[in-house]
Amino acid sequence: MARFDGKTVIVTGGARGMGATHSRSFVAEGARVVIADVLDAEGEALAKELGDAAIYRHLDVTDEQQWARLIEETNAVFGAPAVLINNAGIGGKGAFVEDETLEDWRRLLAVNLDGVFLGTRAVIPGMKAAGGGAIVNISSFAGLIGTPNAADYTTSKFAVRGFTKAVAMEVASHGIRVNSVHPGYIRTPILGPLGDEVVHGKVALDRMAAPEEVTRMVLFVASDEAGYSTGSEFVVDGGWSA
Ligand code: NAD
């Protein structure tokens, strides 16, 4: 029996990068996966690749109404989500804080933080009714230590970590676990052209990681194997924040 047999899993930002490897691995481990993203072509193609165990639905994580529709459609097609992976996120423009526009600041916090709040709020009623569930919020090493030229991103990822802990306390009595995962530098499109040179002298393991190395942690945290962990940080950063 696979770890997620018969379970419904929503992966936000599930069409590309780490989200896509999470989606593939959940299907490989028996789950029915809703790939929720704004990248319609990539999402449809991935759902087709994964067959009957996956569907793609357009979701802008900042949009309350789109969340309501996503939950309705998920319930109708696969049944209520037992697992939510709040993975969708964007990077900042690398500006010094005094050069950052309010518009850029708000946009980043809307996706990286409001999106996590809206998703969490949307799945809790179904999880309560089912007697349990697991929410995994993707933070970052930037949710553990300060990072220059990224006050917006760092703020959002520290906030996701705090939100995780607060909600974990609220829902533990319903069998719902809420944890955060903190990747370091992972080879995905969000990093653009950055190469291994950015980690030299900073990351103890002296390399970037493949998305699958984070996916393995995400699946563990979402699974019953992590059944005694809630409100916790799971770090996959090669020793960056150590
Ligand atoms: P990525 O850019 O490859 O993927 C992000 C996904 O989120 C994309 O599919 C994108 O379309 C989706 N997305 C963006 N805005 C959205 C919105 N408003 N609504 C729905 N979906 C939206 O990046 P990734 O590296 O795979 O990042 C995944 C998560 O991991 C992010 O939260 C990111 O902050 C975090 N992270 C990444 C790294 C890294 O080095 N790659 C390190 C630490 C944390």
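What comes next is a walk through the structure.

Conventions we followed
Residues numbered from 1 in each chain as written. Predicted model: local features only at pLDDT ≥ 70, side-chain atom pairs only at ≥ 80, totals over all residues. Heavy atoms only, no water. Core = buried A, V, L, I, M, F, W, Y, C linked by side-chain atoms within 4.5 Å. Buried < 20%, exposed > 50% of the residue type's maximum accessible area, 1.4 Å probe, protein only. Contact = heavy atoms within 4.5 Å. Helix = DSSP H or I, 4+ residues; strand = E, 2+ residues; numbered from the N terminus. Pairing = 2+ DSSP bridges. Right-handed = clockwise from strand over helix to strand, strands pointing away. Expected span 1.5 Å × (residues − 1). Arc of directions from axis to C-beta. Polar contact = N/O pair within 3.5 Å; in protein donor to acceptor, adjacent residues only side chain to side chain. 1 Å grid on protein atoms, 1.4 Å probe; cavity = no way out; pocket = protein on both sides within 12 Å on 5 of 7 lines; lining within 4 Å. Points joined across faces, edges and corners; volume = space filled by probe spheres on them. Nonpolar A, V, L, I, M, F, W, Y, C, P; charged D, E, K, R; others polar. Axes fitted to C-alpha atoms, helices over the stretch in contact; angles between N-to-C directions.

**Side note on the nonpolar core**
Move 1: In terms of nonpolar packing, the biggest core is built from 31 residues, with Phe26, Ile35, Ile85 and Val181 touching the most fellow members.
Move 2: Excluding anything up to four places from it in sequence, Ile85 contacts Val9, Ile10, Val11, Thr12, His22, Phe26, Val136, Ile138, Val218 and Ala222.

**Details of the pairing of strand β2 (residues 32-37)**
Move 1: Of all the six residues making up β2, five are buried; the element is thus mostly covered by neighbouring parts of the structure.
Move 2: One ladder, built from five bridges, connects strand β1 (residues 8-12) with β2; its direction is parallel. Residue pairing in the sheet places Val11 in a bridge with Ile35 of β2.
Move 3: In this structure, β2 lies alongside strand β3 (residues 54-58), joined through five bridges in parallel fashion. Paired with Val33 across the two strands is Ala54, which belongs to β3.
Move 4: The parallel pair β2 and β3, bridged by helix α2 (residues 40-50), forms a crossover whose chirality is right-handed.

**Side note on helix α3 (residues 64-77)**
Move 1: Between its first and last C-alpha atoms α3 spans 20 Å; for 14 residues at 1.5 Å apiece the expected length is 20 Å, and the two agree.
Move 2: Turning to α3, its buried residues number three or more, namely Gln66, Trp67, Leu70, Ile71 and Thr74. The arc that holds every buried residue of α3, seen down its axis, measures 140°, which confines them to one face. The exposed set on the far side of α3, more than 90 degrees from its buried face, consists of Gln65, Glu72 and Ala76.
Move 3: For α3, the elements touching its buried residues are β1, β2, β3, β4 (83-86) and α4 (102-130).
Move 4: Between the side-chain oxygen of the N-cap and the backbone nitrogen of Gln65 there are 2.9 Å, and the N-cap of α3 in question is Asp63.
Move 5: Gly79 lies just past α3 and shows a positive phi near 95°.

**Description of the environment of Ala68**
Move 1: For Ala68, the position within the fold is in helix α3.
Move 2: A relative accessible area of 43% places Ala68 in the partly exposed class.

**Section: the layout of surface pockets**
Move 1: Taken as a whole, the largest pocket spans an internal volume of roughly 1100 Å³.
Move 2: Taken together, 46 residues make up the lining of the largest pocket; nearest its centre are Gly89, Ile90, Gly91, Tyr153 and Ile190.
Move 3: The element contributing the most residues to the lining of the largest pocket is helix α1 (residues 17-28), with three residues.
Move 4: Grouping the amino acids of the lining of the largest pocket by side-chain chemistry returns 24 nonpolar, 15 polar and seven charged.

**Some thoughts on the sheet that holds strand β6 (residues 176-183)**
Move 1: Reading across the sheet, the seven strands line up as β3-β2-β1-β4-β5-β6-β7 and stay open at both edges, with parallel pairing between neighbours. The open sheet is flanked by β3 and β7 (233-236), the only strands paired with a single partner. For this sheet, the mean inter-axis angle between neighbouring strands, taken without regard to orientation, is 20°.
Move 2: On top of the sheet, α2 reaches β2 and β3; it is set at about 165° to β3, its chief contact.
Move 3: Along the sheet face, α4 touches β4, β5 (133-138) and β6 and points at about 175° away from the line of β4.

In short, the description is geometric, and any link to function would need to be established separately.
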